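# Inside the fold
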Amino acid sequence: QVQLVESGGGLVQAGGSLRLSCAASGRTISSYDMGWFRQAPGKEREFVGRIRWSLNTYYADSVKGRFTISRDNAKNTVYLQMNSLKPEDSAVYYCAFRCYSSTSCDYWGQGTQVTVSS
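In this report, the structure presented in the accompanying data block is examined. These numbers come from a predicted model, not from an experiment. (Residues numbered from 1 in each chain as written. Predicted model: local features only at pLDDT ≥ 70, side-chain atom pairs only at ≥ 80, totals over all residues. Heavy atoms only, no water.)

## So, the state of the cysteines
If you walk through the whole model with that rule in mind, you get 2 disulfides. Covalent S-S linkage joins C22 and C95, the inter-sulfur distance amounting to 1.9 Å. With the S-S bond torsion at 45°, the cross-link from C22 to C95 turns out right-handed. Remark: C95 occurs in strand β9 (residues 91–99) and C22 occurs in strand β3 (residues 18–25); sequence separation between them is 73 residues. Side by side, C22 and C95 carry an identical accessibility label, which is buried. Across the disulfide from C99 sits C105; the S-S distance is 2.1 Å. Handedness of the C99-C105 disulfide follows from its S-S torsion of about 105°: it is right-handed. The two residues C99 and C105 agree in class, both being buried. Described in terms of the sequence order of its bonded cysteines, the disulfide pattern of the protein is 1-2, 3-4. (Disulfide = S-S within 2.5 Å. Helix = DSSP H or I, 4+ residues; strand = E, 2+ residues; numbered from the N terminus. Buried < 20%, exposed > 50% of the residue type's maximum accessible area, 1.4 Å probe, protein only.)

Right, dumping it as structure tokens:
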């Protein structure tokens, strides 16, 4: 069983930055792709980005150039650095373990709230 705990969410003004962390336990993440997703009220969960075991990264067009995913395998942790935040980035952000695509992952965290004020 894999447990994922996100942290780092909060309230920030538009144009500001936040860094989310996702600490994994139960399995080492080094051989697996990890993903970040978000869900705003009344909307479906959407793909934010993915980091492969090879360190290749992929991003949704809506966050490309503003968000960066990284990983520290020694800490079994994945990060989402979010810059130039916009009100439309407000959502609950989830990390996911062992992702096969932009929609399919095996384990999910509980999420952390990000609110961007205008």
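Picking up where we left off.
## What to know about the pattern of salt bridges
Here the structure, examined in full by the defined rule, presents 7 salt bridges. D33 is the salt-bridge partner of R52, the closest N and O atoms lying 2.8 Å from each other. Note that R52 is positioned in the loop between β5 (46–51) and β6 (57–59) and D33 in the loop between β3 and β4 (34–39), a separation of 19 residues in sequence. The class of R52 is partly exposed, set by a relative accessible area of 28%. Overlapping salt bridges, with partners in common, bring together R38, E46, R66 and D89 in one network. (Salt bridge = Lys/Arg side-chain N within 4 Å of Asp/Glu carboxyl O.)

## Considerations on the sheet that holds strand β7 (residues 67–72)
Reading across from one edge, β1-β3-β8-β7 is the order of the 4 strands in this open sheet, with antiparallel pairing throughout. On the outer flanks of this sheet lie β1 (3–7) and β7, each paired with one strand and no other. Between one strand axis and the next, the sheet turns through 15° on average, direction left out of account. Relative to strand β8 (residues 77–82), β7 is paired through 6 bridges, and the arrangement is antiparallel. In the sheet register, S70 faces β8, and the bridge partner there is Y79. (Pairing = 2+ DSSP bridges. Axes fitted to C-alpha atoms, helices over the stretch in contact; angles between N-to-C directions.)

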